[in-house]
Every structure is written in C-alpha cells, then in structure tokens.
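# Report on the structure
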Amino acid sequence: MSENTAENQTQFMEDQTLFQRPAPMQVTQPEQVSLGVKQVIVQKKKVTPKTIILIVVGVFVILSILLMMMTGVGKNGLQLSPKPSPSPTPITNTMSDLDKAMNRLNQDVIAADPTVNDLPFPPLNSELYIVPKMN
Amino acid sequence: MTMIVIFFSLLLHNTILFYPLFHPKIVFAQDGSPQTAPQVEISRNDYIQKLNDYRIKESQFFVATEQYKQIQTLAALEDAVKASKDVQLARIDTLTAYFQALRDTMVALKGAEVTKKSIQVHALQTTIIELEAVRAQIIKAQDRIALDNTSTQYQSRNVAYIATAYSALSLIKISNIQSATDQLGFITGQVFDQLQASSPSATVLSEKQRSYDELSRTIADIKTVLVAVMKRVENIDQQNSFNSSSYSQIVDTLGQGFSKLQLAQSFLKEFAK
C-alpha cells in the first residue's frame with residue numbers, strides 16, 4: 001500500500017515496468033571494463049620518444065656493424081685518414097701473368113695435337129668427264 | 001626518419017660502388033683464350049662455302065652426264081657441257097679457296113722457321129696463281145672435248161696440288177708443337193727464376209731443381225723429335241712425293257713429340273705449384 005501511495009510522483013520513472021524482466025544488472029559493467037582495457041591498450045601503444053631513440057640507435061649500430069663487415073674496416077681498425085688504394089704487389093702481378101701464360105700454353109698444346117687436322121685436302125673428284133676416258 | 005633514409009642511401013651507395021674495390025675475392029679476369037686471326041677465319045669460311053657449292057654442282061653434273069648417256073641428244077649434250085663447266089669451275093674455286101686458307105694459316109703461324117715459312121707461302125701462292133690460269137682455260141672451253149681436256153689437265157696436276165698441301169700441313173703441325181714447346185720452356189725459366197728470387201729453403205730448392213732438370217730434359221727430347229721430323233719432311237719435299245700416306249707417317253712421328261709435350265705440361269703444373 002505504501003508502495004502504491006507513494007507521495008513521490010516521479011518515482012515511477014525509475015521503477016521497473018510491470019510484466020517485464022528486469023534488465024541484467026551487469027549491463028553497465030562491460031562498458032566500464034572495456035573502457036578500462038582500452039585505456040590500458042592506449043597506454044601500451046603510446047610510444048615514448050625514449051623508445052624511438054633506442055630503436056634508431058639500435059638500427060644504426062646493427063647497420064654500422066654490417067657496413068664494417070662488408071668493407072673490412074673492422075679487420076685493421078677504423079682508419080680516419082684516407083686509405084690509399086692498395087697498389088698491386090709484384091707477386092700478385094707475376095702470379096696472374098703466370099696464370100695467363102699457363103692458359104695460353106694450354107690452348108697452344110690443344111692446338112698442337114698433330115692428329116687433329118682442320119684443313120684436310122678437299123675431297124674433290126679428279127675425274128669429271130662427260131665421256132669417261134677409256135684406259 | 002630522415003637520418004635513417006640518409007644512412008640507408010649511404011650504405012647502399014658504398015655497397016654497390018666500393019664493395020668490389022675493397023673485397024679481394026672479386027676478380028674480373030680477362031679471357032685468356034687466344035684470338036684467331038680474322039683473315040684466317042674468313043678464308044676458312046670461304047673455303048667451306050666453296051666446297052658446299054662444289055658438292056651441289058657435282059651432283060648436277062652427274063645427273064646431266066647420265067641423261068646425255070641415255071638419250072644422246074644435242075640438248076642433253078649442251079646440258080652436260082654446261083654442267084661440266086660449272087663443276088670444273090667450282091672445283092678450281094674450292095681448291096683455290098683451300099690454298100688461300102692454308103696460305104693465311106701459314107702467314108699467321110707461330111714457331112715456324114722464317115725461311116721454311118716463306119718457302120711454303122711462296123709455294124702456296126704459286127699454286128693459287130696456277131689455279132687461276134686453269135680457271136681461265138675452263139671459262140674459254142666451249143665444247144665437250146675442250147672441257148674434258150681441262151679435266152685431264154687438272155687430273156695430271158692433282159698429285160702436285162696434294163704434295164703442296166701436305167707439305168704445308170706438315171710444317172704447320174711441326175710449328176704448332178715447336179711454338180708450344182718454346183712457350184713451355186719460357187714459362188719454366190720464369191717460374192724457376194721467381195723461385196730462386198724468393199730464397200726458398202734448401203730442401204725446396206733441391207726438389208724444384210730436380211723438377212726443373214726433368215722438364216729441361218723433356219723439352220730437349222721434344223726438340224730432338226722435331227728436328228728428326230723436319231729432316232724427314234725436307235727429304236720428302238725434295239722428292240716432291242708428299243701424299244696422304246707420307247703425311248700420316250709424319251703425324252705418327254710427331255705424336256711422340258706431342259705426348260712428351262703433354263707430359264712436360266703436367267710437369268710444369270707441378271713445378272709451378
């Protein structure tokens with residue numbers, strides 16, 4: 001009775017409708033939870049300038065190591081003064097000359113095989129008569 | 001970001017442009033194969049072309065003469081005369097091209113004695129001039145009898161053509177072995193000089209000295225074979241009796257020298273290690 005005779009006339013707005021199942025109470029909870037998760041994700045994705053600097057420095061170091069490996073700077077230490085181009089030593093020259101001479105010799109030996117005749121006498125018929133000779 | 005792009009650009013630039021310069025493993029070696037003189041190639045190709053042309057004309061000639069034998073008409077005779085003229089001209093052209101190829105090979109030949117080489121070149125040139133004269137006679141010939149006479153003339157000279165060819169071929173074969181042997185001796189001397197200059201240990205020097213002596217002996221053996229073959233060639237030349245049989249004998253004897261040359265080459269490879 002006290003319920004039906006409530007003096008507060010605006011209370012029914014907040015009351016549940018008759019013959020209707022009450023809405024689940026946890027409807028509002030996922031929103032709150034997802035908002036929390038979103039905040040966490042946003043916080044995780046946020047890259048600080050410090051991270052950028054670290055990544056750049058890391059990439060720079062890796063690429064520097066690669067460059068040093070490829071150019072061979074690391075072997076004799078970094079040289080700041082301009083490095084003169086290596087002049088061919090006499091031994092290297094002699095070796096390459098020797099190799100060339102050996103190659104030429106190999107070709108000449110192959111060409112010197114007496115059993116190979118690339119210009120044999122042409123197989124021409126020496127008896128070309130309209131009327132064959134009677135011997 | 002700009003720095004990264006600049007860095008990558010520099011890295012790529014260095015890698016592409018300077019990597020081959022600093023890296024000792026990359027070597028752009030030149031092709032060491034010997035170049036054949038272009039004139040020799042041209043004359044050889046010309047000879048092959050002429051020989052192919054001759055083969056076609058020869059088969060046409062046999063067809064024409066066979067027809068003439070069977071039907072014995074004036075038209076068949078005219079066809080046979082024309083075919084005879086064509087095939088004889090093709091034969092002379094082929095032989096001329098062959099001797100020109102031999103002459104060009106002889107001119108470009110290394111290792112041959114200058115006097116012997118000039119004698120052979122002169123002989124080949126004389127034969128080419130003679131063949132041109134024979135060609136002129138064939139062009140003049142108009143009937144069956146005249147063409148059969150030019151054919152007889154060719155047959156009588158064929159032995160001389162063969163002798164000239166095989167004599168030249170023998171000198172070419174001897175000179176090729178001579179040239180390779182000279183080169184082998186030169187390289188052996190160079191390698192030994194380098195070895196002595198590098199002041200090796202007594203054991204190494206002694207071992208290399210033995211190899212050097214063995215190589216020198218083998219080279220001397222090759223030269224002995226070549227001198228013997230050359231004398232034989234001169235004897236056959238004097239008798240003007242060079243033919244395919246005597247050439248085969250020369251090749252057999254040269255084979256001994258060639259085997260020694262191959263042996264010496266393998267010694268040299270060991271010696272140069």
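Structure's up top.
Residues numbered from 1 in each chain as written. Chains lettered and ligands numbered in written order. Predicted model: local features only at pLDDT ≥ 70, side-chain atom pairs only at ≥ 80, totals over all residues. Heavy atoms only, no water.

Here the focus is the overall build of chain A. Helix and strand counts for chain A stand at four helices and zero strands. Its helices and strands taken in sequence order, chain A reads α-α-α-α from the N to the C terminus. The buried share of chain A, reckoned over its 135 residues, is 13%. Roughly 11700 Å² of accessible area belongs to chain A as shown, and the carbon and sulfur atoms make up 63% of that amount. (Helix = DSSP H or I, 4+ residues; strand = E, 2+ residues; numbered from the N terminus. Buried < 20%, exposed > 50% of the residue type's maximum accessible area, 1.4 Å probe, protein only. Areas by Shrake-Rupley, 256 points an atom, 1.4 Å probe, with all protein chains shown as cover.)

As for its placement among the helices and strands, Ser126(A) is situated in the segment after helix 4 (90-111). Apart from residues lying up to four places away in sequence, Ser126(A) is in contact with Arg91(B), Ser151(B), Tyr154(B), Gln155(B) and Asn158(B). (Contact = heavy atoms within 4.5 Å.)

On the secondary structure map, Lys116(B) appears in helix 4 (residues 114-140). If we ignore the near neighbours within four places in the chain, the residues touching Lys116(B) are Leu171(B), Met230(B) and Glu234(B).

Working note: a packed helix pair is described by the angle between its axes plus the distance between those axes. All names here are of chain B. Viewed as axis vectors pointing N to C, helix 2 (residues 38-71) and helix 3 (residues 74-107) meet at an angle of 160 degrees, and their least axial separation amounts to 7 Å. With respect to their mutual orientation, helix 2 and helix 3 come out roughly antiparallel. Between helix 2 and helix 3 the crossing geometry is left-handed. Here the contact of helix 2 with helix 3 is built from residues that sort into 17 nonpolar, nine polar and 11 charged. (Axes fitted to C-alpha atoms, helices over the stretch in contact; angles between N-to-C directions. Parallel < 35°, antiparallel > 145°, perpendicular 65-115°, else oblique. Left-handed = near helix turned anticlockwise from the far one by under 90°. Nonpolar A, V, L, I, M, F, W, Y, C, P; charged D, E, K, R; others polar.)

What follows concerns the packing of helix 4 of chain B against helix 5 (residues 144-197) of chain B. Residues and elements named next belong to chain B. The geometry of helix 4 relative to helix 5 is characterised by a closest axis approach of 11 Å and an angle of 165 degrees between their N-to-C directions. It follows that helix 4 is roughly antiparallel to helix 5 by the angle criterion. Where helix 4 crosses over helix 5, the two elements pack in a sense that is left-handed. Here Lys 116, Lys 117, Gln 120, Ala 123, Leu 124, Thr 127, Glu 130, Leu 131, Val 134, Gln 137 and Ile 138 of helix 4 come into contact with helix 5, specifically with Leu 147, Thr 150, Gln 153, Arg 157, Tyr 161, Thr 164, Ser 167, Ala 168 and Leu 171. Broken down by class, the residue content of the contact of helix 4 with helix 5 amounts to nine nonpolar, seven polar and four charged.

Now for the nonpolar core. In terms of nonpolar packing, the biggest core is built from 77 residues, with Tyr98(B), Phe99(B), Leu102(B) and Leu261(B) touching the most fellow members. Those elements that place two or more of their residues in this core are helix 4 of chain A together with helix 2, helix 3, helix 4, helix 5, helix 6 (202-239) and helix 7 (244-271) of chain B. Composition of this core by domain shows at least three residues from each of domain 1 (31-140) and domain 2 (179-271) of chain B. Other than its neighbours up to four places away in sequence, Phe99(B) contacts Phe121(A), Leu124(B), Thr127(B), Ile128(B), Leu131(B), Tyr161(B), Thr164(B) and Ala165(B). (Core = buried A, V, L, I, M, F, W, Y, C linked by side-chain atoms within 4.5 Å. Domains from an automatic or database assignment.)

For any pair of aromatic rings, the description consists of the separation of the ring centres together with the inter-plane angle of the planes. What the rule picks out here adds up to 10 aromatic pairs over all chains. Both rings, one in Phe121(A) and one in Tyr98(B), keep their centres 5.7 Å apart while their planes meet at 80 degrees; by these two values the pair is edge-to-face. One end of the pair, Phe121(A), is in the segment after helix 4; the other, Tyr98(B), is in helix 3, on a second chain. Both rings, one in Phe192(B) and one in Tyr212(B), keep their centres 4.3 Å apart while their planes meet at 10 degrees; by these two values the pair is stacked. Here Phe192(B) is found in helix 5, whereas its partner Tyr212(B) is found in helix 6, with 20 residues between them in sequence. Accessibility expressed as a relative area gives 7% for Phe192(B), which makes it buried. For Tyr212(B), a relative accessible area of 24% gives the class partly exposed. Across from the ring centre of Tyr154(B), 3.8 Å away, lies the NZ or CZ of Arg91(B), which sits over that ring. (Phe/Tyr/Trp six-rings, centres within 6.5 Å; stacked < 30°, edge-to-face > 60°. Lys NZ or Arg CZ within 6 Å of the ring centre and 35° of its normal.)

So, on to the interface of chain B and chain A. Across the contact, 71 residues belong to chain B and 41 residues belong to chain A. Both faces considered, chain B and chain A share a buried interface measuring about 4900 Å² in area, 69% of it formed by carbon and sulfur atoms. Remark: the boundary between chain B and chain A carries two salt bridges. As a salt-bridge pair, Lys110(B) and Asp108(A) come within 3.8 Å of each other at their nearest N and O atoms. Those elements that provide at least two residues to the side of chain B that touches chain A are helix 1 (2-22), helix 2, helix 3, helix 5 and helix 7 of chain B. The element contributing the most residues to the side of chain B that touches chain A is helix 5 of chain B, with 22 residues. For the side of chain B that touches chain A, the residue count by class is 39 nonpolar, 22 polar and 10 charged. (Buried area = accessible area lost by both parts, 1.4 Å probe. Salt bridge = Lys/Arg side-chain N within 4 Å of Asp/Glu carboxyl O.)

Moving on: the pattern of salt bridges. Residue and element names in this part refer to chain B. In the structure shown here, the tally under the stated rule is 13 salt bridges over all chains. Here Asp 148 and Arg 144 are joined by a salt bridge, their closest N and O atoms 3.5 Å apart. Of this pair, Asp 148 and Arg 144 both sit in helix 5, four residues apart, which is roughly one turn of the helix.

Note on placement: Asn117(A) falls in the segment after helix 4. Residue classification places Asn117(A) among the partly exposed positions, given a relative accessible area of 23%. Contact partners of Asn117(A), with chain neighbours within four places excluded, come to Leu169(B), Lys173(B) and Tyr247(B). Reaching out from Asn117(A), the side chain makes a polar contact with the backbone nitrogen of Leu119(A) at a distance of 3.1 Å. (Polar contact = N/O pair within 3.5 Å; in protein donor to acceptor, adjacent residues only side chain to side chain.)

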